[in-house]
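For reference, the chains in residue letters:
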Amino acid sequence: MNDVERRLAEWLHREAPEPPRAVSATRIMDRELEVRTVARPRRRVWPPLLAATAVAAAIVAVILAVTSAGQDSRPRPAVSPTTTPPTPTTTSPPSADLGAPPPDFAATRLLGTTGRYAWKLTNTLRVTADGGAHWTRIPLPAGVRPGAVDTAQVGDDGTVVLADAHRNQTVDLYRRPAGVTSWKLTTLSTTPPGPGYPPPYAQPMQADGNFLTVVTGWGTSPARSVDDVWISTDGGATFSQRRTGLDSGVHDLLFLDADRGLLLSQHETLYRTTDGGRHWTKLGGSLAGRHDVEFGALYRDGADVLVPRLTYTAHRIDVALYRSSDAGATFRRPASPLQVRDAGSDPLYLGVSGRIVWVAAGRTIFRSDDGGATWSRVASDTDVHRAIPTGPSTAVGVSAADCSSNDPKERCWQTDYLVATTDGGRTWHSL
Amino acid sequence: MTDRDEFTAFVDSSSRDLLRAAWLLTGDWPTAEDLVQSALTATWRHWQENGPVNYPEAYVRRVMVTTFLRWKKRRWGGEIATEPLPEGPARDDLFAQVDAHDALHAALSVLPPKQRAIVVLRYFADLTEAQTAAVMQCAVGTVKSQSAKALARLHDVPGLAGVLTEGRAS
């Protein structure tokens, strides 16, 4: 956030008036109960219409049962009956009938950036090591109920780490090395920065063999959270814990070893540490945060660190891949960034694996085979909106219909499905 | 703790921020209260049917913004409710407060509804661009470009340029 944005935020916080009264939760809950339980007046119904209605209701019930199968299987709590029938009122039903939101704003999630990929869909974790041709289902640890796992990470060597944060401020960390079927549990005891904070959230960031990093945080939103960085070099047996001390949460974290690492904050600011996270130094120059700049994530190519810098203007997005060979002390800028002119309103996703970089923007896919120095347009008019490279000409992606609508009933997240390409992105087939 | 207790605790802890954000979106308290109550009602219904929402603030914000944008799309704007009488006992700082609120509302009124929603989410609710995009159901790039356009428009609002460039009203 730059100075202008910070001043605007301060001005809004200062000038927004205080509400004249608080919202009554009881009123909202009781009003909703009234709307649900008010008896509708009985009407005389033409018998054939009644029969047709019953048939239609049966068909709808079957359709609902079929479409809801395999989705959220949690038991639905029954609405508690009222001891006193509420008085019928003329309260109009609430207009915001929006239904359930997507659990993670995306039913399908690809995790990991090189070689092996995890797929979380309806509480199932699957891993592929061959670009999506074969998938291995990974059963959850015993006692972990479906849906409890907050986040997962799959390392390059196939190590899987799951995090489950609890209300009592503890975080259960399950680690499963490649080729092993049992899970090792480590419980992290977190300390909130003060009273009144909600339960923590937890995100495993790296799972490279015995080297693990985890971020835990507290706050009503990651942008305003207080985060801790946990580092383990012995497979989770012991951790060192560092509070970042930054003014926002962690968006991405990449350590090259136990001392040297880079951090991308939720406020689009890059930091660097050389002492295992005790101190963080803000990067400047071209990698300083600005309101029109976004850093996609932090990627690793051997000993190099890659940072895609996206610059937004009114008419195009410039994608430049910055590379550092000295753990973020200095960065090299590519000679010619990719200029995306037709990103439209669709997301722009990057997939980076070594020197192979994919950009899915709008309905177009671009690829670079030389670390972002030169680019080629490999596909147009495609629904693929995320691509993760698995080799020189293969990639796994997520395809979806257009999700740009503001209509919350348009559950585009349900249409996500996995796709793969073997011809450099020209054609894609569903997995 | 029952669902009712949890929901009540959530409403108690978040209603102030939600109401202030709703005021920034709508510019008047009756509509802001309607907006928050509609969003909370939908949240409570979801809560009853599916159990506690993982991130209730995010859920309510999303419902609030989509409801606000839907209301703005309606051709008929609804009645202008004036529950508190316009006339009231004068207080020392009343005029200054009204002037400040009018200036704030006037500044935000120059923004189209989507840009106003993005400004409120980004700079008042402190969401990141990715979170704002998730709430608005649009691309991060859209959030970036709309934020930049909104900042440019706000720069042109008389009296606001000083706030944005020097941190004080000019």
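The structure this text deals with has already been given above.
Owing to the predicted nature of the structure, the values given are computational and were not obtained by experimental measurement.

Some details on the packing of helix α5 (residues 113–124) of chain B against helix α7 (residues 140–155) of chain B
Two measures define how a pair of helices packs: the angle their axes make with one another and the distance between the axes.
Residues and elements named next belong to chain B.
Piece 1. Contact geometry of α5 with α7 gives a least axis separation of 9 Å together with a crossing angle of 100°. Considering their axes alone, α5 and α7 lie roughly perpendicular with respect to each other. Here Q115, I118, V119, R122 and Y123 of α5 lie close against α7, whose contacting residues are T142, V143, Q146, S147, K149, A150, L151 and R153.
Piece 2. Classifying every residue of the contact of α5 with α7 gives six nonpolar, four polar and three charged.

With respect to α5 of chain B
Residue and element names in this part refer to chain B.
Piece 1. The first and last C-alpha atoms of α5 sit 15 Å apart over twelve residues, in line with the 16 Å expected at 1.5 Å per residue.
Piece 2. Summarising burial for α5: ten of the twelve residues are buried, a large majority.
Piece 3. Turning to α5, its buried residues are Q115, R116, A117, I118, V119, V120, L121, R122, Y123 and F124.

Some words on the pairing of strand β10 (residues 211–218) of chain A
Residues and elements named next belong to chain A.
Piece 1. Counted residue by residue, β10 has eight buried out of eight residues, so it is predominantly covered.
Piece 2. Side chains of β10 alternate between two faces, with F211, T213, V215 and G217 and L212, V214, T216 and W218 buried alike.
Piece 3. Taken together, the seven bridges between strand β9 (residues 201–208) and β10 define a ladder with antiparallel strand orientation. Note on β10: the bridge partner recorded for Q203 is V215.
Piece 4. The hairpin turn running from β9 into β10, its antiparallel successor, is two residues long, and G209 in that turn takes a positive phi close to 65°.
Piece 5. Bridge analysis of β10 against strand β11 (residues 226–232) gives seven bridges, and the strand direction is antiparallel. Within the sheet, the bridge partner assigned to V215 lies in β11 and is V229.

Remarks on the sheet that holds β10 of chain A
Residues and elements named next belong to chain A.
Piece 1. Ordered by their spatial adjacency, four strands build an open sheet running β9-β10-β11-β12, and the pairing between neighbours is antiparallel. Looking at strand neighbours, the two that pair on one side only are β9 and β12 (240–243), the edges of this open sheet. For this sheet, the mean angle separating the axes of adjacent strands, direction not counted, is 20°.

Conventions adopted
- Residues numbered from 1 in each chain as written.
- Chains lettered and ligands numbered in written order.
- Predicted model: local features only at pLDDT ≥ 70, side-chain atom pairs only at ≥ 80, totals over all residues.
- Heavy atoms only, no water.
- Axes fitted to C-alpha atoms, helices over the stretch in contact; angles between N-to-C directions.
- Helix = DSSP H or I, 4+ residues; strand = E, 2+ residues; numbered from the N terminus.
- Parallel < 35°, antiparallel > 145°, perpendicular 65-115°, else oblique.
- Contact = heavy atoms within 4.5 Å.
- Nonpolar A, V, L, I, M, F, W, Y, C, P; charged D, E, K, R; others polar.
- Expected span 1.5 Å × (residues − 1).
- Buried < 20%, exposed > 50% of the residue type's maximum accessible area, 1.4 Å probe, protein only.
- Pairing = 2+ DSSP bridges.

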